[in-house]
Amino acid sequence: MTLPVPTGLNGVPLRPLIEARGVTMRFGGVTAVAGVDFTLGEVELRCLIGPNGAGKSTFFKILTGQLKPTEGRIALRGTDITGAEPHAIARLGVGIKTQVPNVFNGLSVHENVFVAASRRKSLARTRAIVDETLTRLGLTGIARREVGQLAHGQRQWVEIATVLAQEPELILLDEPAAGMTHEEVHRTAALIREINRTHALIVVEHDMPFIRMIAKTVTVFNQGRILVEDEVDAVLADRRVRDVYLGKQAA
Amino acid sequence: MDLAGLLAFNVLTGIATLVLITLGLGVIYGMMRIINLAHGEFMMLGAYTAVMASGAGVNIWIAMLVLPPLVVGVIGLVLERTVIRFLYGRMMDTMLATWGVSLGLIGLVTTLYGNVVRGVSTPVGSFDIGRYGASLYSLVIMATALGALAAMFGLLRFTKFGLILRATMQNPRMAAALGVQPNRIYMATFALGAALAGLAGGILAPISGVSPAMGAAYVARAFITVLGGGPAIITGTGLASGLFGTINELVSFKTTPVIGDVALLAAAILLIRLLPQGITGRYLRRSL
Amino acid sequence: MTPTVFRPSGAGLRSAAGFLATLALGLALLFGAPHTLDTFGLVQCTGFAALAMFGLSQGFVWGFAGVMSFGQAAFLGLGGYAYAVAVLNLGDSTLPVLCAIAVPMLFAALLGYFMFYGRISDAYIGVITLTVSVILFQLVNATSGSQYRIGAAELGGFNGIPAIPALNLPGHPGEPLDTDGIWYAAMGALILVYVVLRAVLASRFGRVVVAIRENETRAQLIGYDPRLYKLLAFTIAAGVAGLAGCLYANWGGFISPTVFGLPMSAQVIIYVLVGGLGTLVGPMLGAVLIQALIITAGSQSVLDSNLGLGLVLVGFVLLVPQGLVPVLRGLSWRLIERRAGKAAPGPLATETAR
């Protein structure tokens, strides 16, 4: 059983891509995230699983600056980003597909991707990125359609396209397969594996077959804490993980 | 010493006035998340009711304290049924619609009674604070403001209606699930807010010129006090009125009333910059 | 209210056609009006042009940036007063025109910084802008008496500033433009501002502004700072309103605190709502329609014009929330496409979903 290597463990000086230390988030009397230590290496793919309310989406919001943690620090390649504005973190190379699709509903697919690609880039470069991204995700046929009129699954793809077009170093995907057809789920898994060749990803998902398709290492959240972190087969065989998924967390 | 006494008296009057002109707006905003831009015109209608009734020989106290809330409450009810209820959940549209109502009421009253300033005489005299004379009517304003606050507190805290109001405020869907019809509640709340605005108009009629456009003089202060006060209607209105009323009166005393209003606004913008959710959004959150 | 218009999706061609048609109509009016209208008519049209520009300002900030500025009259008034005070002091009107644009922009930048960087919500922004305009009204209204003067210009309280010198060609003070000249200046400026705003919206900055209106969170998560973009859009709109104020002061040769008043802010909201939120043509059209209505109402003494304005506002919110231009545009394109569709059924036919 090999744990993912945190900084400096066994004397191996690895600088992680993103590192969270003691991150805690309280809302009034509720502690949504409690003292989470989390490390992700360059070009690593990590899946986060856990029952509803385990704190996964809250953790994503903290990583992207949408929420300021009550306690703890977060560093991106050694730069402290704790409490930074979301746009500042995005500029450092973090992109996120949120749980509820966040897209520009009144704009066309093309414009959605264009706005994401065009920040601080020449027009020619922007156009190249937009064309490439649309082709990659098979959205060229609906490029002129208004996003608000698309089906849920298509909107998810548009959002993934926007995230890719901003060319991030680290990509967070919050339930990318939710509401997709069987075939779309397979395409999404293939896409994630492809992206992972060059980029680091953290994927939150409930769909276990999907997790098996993509995961190497899995981190399990429960009640705001990390319950276990291990290779996918070990995690899915773990009794405690089954327990939290099969009703012991019902309270 | 006498001067300090007079100043303190004026500050209290200012606070009481602010409470009166704000409470109706605060009730509607707090319960329904509707910013009622016709609030000033509801006050104007209250003032007109007082002027008309006392002109028709109705006892001045009834004309000022009883009829305006009744009349304006009914008008509020009618407007809620005919306009506002179609726009629930669309905050901007309700603001626009109430702004339309505001213009319409100004136009209607101008058409009916002309664009002239009317007045009612103050029903009570004055008394002395040392060497200075002060109006007894200010005491009436303070008493009414206190009474209105206390009545609202009692309503929210001790009655079934108040309980339902608070529940609807917390969570409209939950209240609906418990068998409460949010529509009924909203209707009653809007009428209540209108009635409170009517009361403010009625009681302020003797000390302000009564004209179709008089509402504009009050709305800015009322809005900013509601926003400054935050979600808890009574505590928020009370605290924000206390703070802004003091600033307004002290600066007015040193300079002119207009500069006093500017100071009030500046203080309010600063406060909202520091506490975007208002005073009770940050402190005393569980109060009413 | 969610603006549903501005649908560049597949509508690039139509958008360009609409732009060229508007431009052509504007230029036809610019050069045609002095030859067809009498002096009175031309003066009236000059007023329309000034208010249409005011409408553009509101239409831009509200319809495209999604900022609920309910006190746009504050910037109209600041522009008008800045022009009046500067021209009375300087004589030549060139610098005063720039003042009329710069003063409201500075004020908006300051106010906007407080609002947008203070994370004040949309509705609160409406209330605060409205309150600021009311306070400015009260402040200027209280400047009666000769002690309230800026240089040679007496502010005059509720009476306002009379006899404001009209625009002159740069470097020729003392030779103010005549009625025709003011018309060319006002209408020319309106066309120019329209073209500039179109260009701004077509630029990457404009696309980001609209994207933020559509989804602020997403815009943030791809690296844009919504506060900055809103602040810039708010400031640009204030400059446009200021220029409109300058033209307004030129139109009557007079300015009074009513330019700051709530009715003024309400009127411009109505222009945009009637014409169409999320368009630039709509607010201009709305301005002309509503002003024509007010003038008609003013010529009879039975009903107060506020009554009509109020009914129009409530009616449009309840019944035609998208405004006239989008409705008419949709209708006309559908008609054209139906005809074209018979001849050659093209991909365009599927585009008019709404």
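Residues numbered from 1 in each chain as written. Chains lettered and ligands numbered in written order. Predicted model: local features only at pLDDT ≥ 70, side-chain atom pairs only at ≥ 80, totals over all residues.

As annotated in an unreviewed UniProt entry, chain B is Branched-chain amino acid ABC transporter permease from Methylobacterium indicum. What the UniProt record of chain B gives under Sequence similarities (unreviewed entry) is the line "Belongs to the binding-protein-dependent transport system permease family. LivHM subfamily." Recorded in UniProt for chain B, the comment headed Subcellular location (unreviewed entry) runs: "Cell membrane". (UniProt positions renumbered as here; feature names shortened; annotations may be inferred.)

### With respect to the overall build of chain B
Of regular secondary structure, chain B possesses 12 helices and 2 strands. Ordered by position from N to C terminus, the α and β elements of chain B give α-α-α-α-β-β-α-α-α-α-α-α-α-α. Taken over C-alpha atoms, the radius of gyration comes to 19 Å for chain B, in line with the 19 Å a tight globule of 288 residues would show. Along the first, second and third principal axes, the C-alpha atoms of chain B reach 60 × 45 × 35 Å. Residues counted as buried form 51% of the 288 residues belonging to chain B. Partitioning the intrachain contacts of chain B with sequence separation of at least 6 by distance along the chain shows that 76% fall at a separation of at least 24. (Helix = DSSP H or I, 4+ residues; strand = E, 2+ residues; numbered from the N terminus. Rg over C-alpha atoms; globule rule 2.2 N^0.38 Å. Buried ≥ 20, exposed ≤ 12 C-beta atoms within 10 Å, placed from the backbone. Contact = placed C-beta atoms within 7 Å.)

### Topic: the overall build of chain A
The helix and strand inventory of chain A stands at 9 helices and 10 strands. Considering only C-alpha atoms, chain A reaches an extent of 50 × 40 × 40 Å along its principal axes. Every one of the 251 residues in chain A was classed for burial, and the buried ones make up 47%. A separation of at least 24 residues holds for 63% of the contacts in chain A among residues at least 6 apart in sequence.

### Let's talk about the arrangement of the chains
Counting contacts across all 2 pairs of chains that touch, the top-ranked interface belongs to chains B and C. With no contact between them, chain A and chain B keep their nearest C-alpha atoms 11 Å apart.

### Brief notes about the packing of helix α5 (residues 136-158) of chain B against helix α6 (residues 160-170) of chain B
All names here are of chain B. Two elements in contact, α5 and α6, have axes whose closest approach is 5 Å; the angle formed by their N-to-C orientations is 80°. The angle between the axes of α5 and α6 places the two elements in the roughly perpendicular class. Along the contact surface, α5 presents Leu155, Leu156, Arg157 and Phe158, while α6 presents Phe161, Gly162, Leu165 and Arg166. (Axes fitted to C-alpha atoms, helices over the stretch in contact; angles between N-to-C directions. Parallel < 35°, antiparallel > 145°, perpendicular 65-115°, else oblique.)

### Brief notes about the UniProt feature "transmembrane region" (unreviewed entry) in chain B
Residues and elements named next belong to chain B. Residues annotated in UniProt with the feature "transmembrane region" (unreviewed entry) correspond here to residues 6-30, 95-114, 134-156, 185-207, 219-244 and 256-275. The distance from the first to the last C-alpha atom of residues 6-30 is 34 Å, and the span holds 100% helix and 0% strand. With 95% helix and 0% strand, residues 95-114 has end C-alpha atoms that lie 27 Å from one another.

### Focus: the sheet that holds strand β3 (residues 45-49) of chain A
Residue and element names in this part refer to chain A. One open sheet accounts for 6 strands, arranged β6-β7-β8-β3-β9-β10; its pairing is mixed. Two strands close off the open sheet at either side, each with one partner strand: β6 (94-97) and β10 (225-231). Shown here is a sheet whose adjacent strand axes are inclined to one another by a mean of 15°, direction ignored. Alignment of β3 against strand β8 (residues 200-204), held across 4 bridges, turns out to be parallel. (Pairing = 2+ DSSP bridges.)

### Things to note about the sheet that holds strand β1 (residues 18-27) of chain A
Residues and elements named next belong to chain A. Across the sheet, 4 strands lie side by side as β2-β1-β4-β5; this open sheet has antiparallel pairing. Pairing within the sheet leaves two strands with one partner each, and these edge strands are β2 (30-40) and β5 (79-80). Strand direction decides the pairing type here: strand β4 (residues 71-76) and β5, joined by 2 bridges, are antiparallel. Counted as the bridge partner of Leu76 is Thr79 from β5.

### Re unusual backbone geometry
Leaving glycine aside, a negative phi is the common case for residues, and trans is the common case for peptide bonds. Even without being glycine, Arg120(A) reaches a positive phi, approximately 55°. Note that Arg120(A) resides in the loop between α3 (109-117) and α4 (123-136). Assessed through the 8 C-beta atoms surrounding it within 10 Å, Arg120(A) is described here as exposed. Not every positive phi belongs to a glycine, and Ala163(C) is a case in point at roughly 50°. Its place among the elements puts Ala163(C) in the loop between β2 (153-154) and α6 (179-202).

### Focus on the pairing of β2(A)
Residues and elements named next belong to chain A. In the sheet, β1 pairs with β2 via 7 bridges, with the strands oriented antiparallel. Its bridge partner lying in β2, Ala20 is registered against Phe38. Here β1 folds back onto β2 in antiparallel fashion, the turn holding 2 residues, of which Gly28 has a positive phi close to 60°.

### Some words on the pairing of strand β7 (residues 170-174) of chain A
Residue and element names in this part refer to chain A. Extensive coverage of β7 is indicated by the burial of 5 of its 5 residues. What you see with β7 is no split at all: Leu170, Leu172 and Asp174 on one side and Ile171 and Leu173 on the other are buried throughout. Across 4 bridges, the pairing between β6 and β7 is parallel. Bridge assignment links Gly95 to a residue of β7, and that residue is Ile171. Pairing of β7 with β8, which is carried by 5 bridges, proceeds in the parallel orientation.

### Things to note about the interface of chain B and chain C
It is common to give the size of an interface as the accessible area that goes away when the parts come together. Residue-level contacts link 35 residues of chain B with 35 residues of chain C. At the level of elements, α4 (91-113), α9 (216-229) and α11 (257-274) of chain B are the ones that each hand at least two residues to the side of chain B that touches chain C. Among the elements that make up the side of chain B that touches chain C, the one with the highest residue count is α4(B) (17 residues).

### Some details on the environment of Ala134(B)
Residue and element names in this part refer to chain B. By the secondary structure assignment, Ala134 is in strand β2 (residues 132-135). Along the primary structure Ala134 and Leu6 are separated by 128 residues, whereas in three dimensions their C-alpha atoms are 7.4 Å apart. Beyond its immediate chain neighbours, meaning those up to four positions away, Ala134 contacts Leu6, Phe9, Ser126, Phe127 and Ile129.

### Things to note about the interface of chain A and chain C
Taken together, the contact between chain A and chain C spans 26 residues of the former and 21 residues of the latter. Among the secondary structure elements, those contributing two or more residues to the side of chain A that touches chain C are α2 (86-91) and α3 of chain A. Here the side of chain A that touches chain C is composed, by residue class, of 9 nonpolar, 10 polar and 7 charged. (Nonpolar A, V, L, I, M, F, W, Y, C, P; charged D, E, K, R; others polar.)

### Things to note about helix α10 (residues 262-275) of chain C
Residue and element names in this part refer to chain C. With 14 residues, α10 extends 20 Å between its outermost C-alpha atoms, agreeing within 8% with the 20 Å of an ideal straight helix rising 1.5 Å per residue. With respect to burial, α10 is a largely interior element, 13 of its 14 residues being buried. Immediately beyond the C-terminal end of α10, within one or two residues, lies Gly276, with a positive phi of roughly 140°. (Expected span 1.5 Å × (residues − 1).)

### Topic: the confidence of the model for chain A
When the pLDDT values of chain A are averaged, the result is 89; 92% of them are 70 or greater. Confidence over residues 1-12 of chain A falls short of pLDDT 50; this stretch has 14 contacts with residues more than four positions distant or in other chains. (pLDDT = per-residue confidence, 0-100.)

### What about the packing of α11(B) against helix α5 (residues 122-141) of chain C?
At a minimum axis distance of 9 Å, the contact between α11(B) and α5(C) shows a crossing angle of 160°. Of the possible angle classes, the one that applies to α11(B) and α5(C) is roughly antiparallel. Crossing hand, α11(B) versus α5(C): left-handed. Across from Val258(B), Asp261(B), Val262(B), Leu265(B), Ile269(B) and Ile272(B) in α11(B), the residues of α5(C) making contact are Tyr124(C), Ile128(C), Thr131(C), Ile135(C), Gln138(C) and Leu139(C). Grouping the amino acids of the contact of α11(B) with α5(C) by side-chain chemistry returns 9 nonpolar, 2 polar and 1 charged. (Left-handed = near helix turned anticlockwise from the far one by under 90°.)

### Considerations on the confidence of the model for chain B
Per-residue confidence for chain B gives a mean pLDDT of 88, with 99% of residues at or over 70. In the predicted complex, the global pTM is 0.90; the interface-specific ipTM is 0.89.

### Focus: the environment of Thr179(C)
Residues and elements named next belong to chain C. Tracing the backbone shows Thr179 in helix α6. Residue class for Thr179 comes out partly exposed when judged on the 15 C-beta atoms lying within 10 Å of it. Filtering out sequence-adjacent residues up to four positions away, Thr179 remains in contact with Thr39, Leu42 and Val43.

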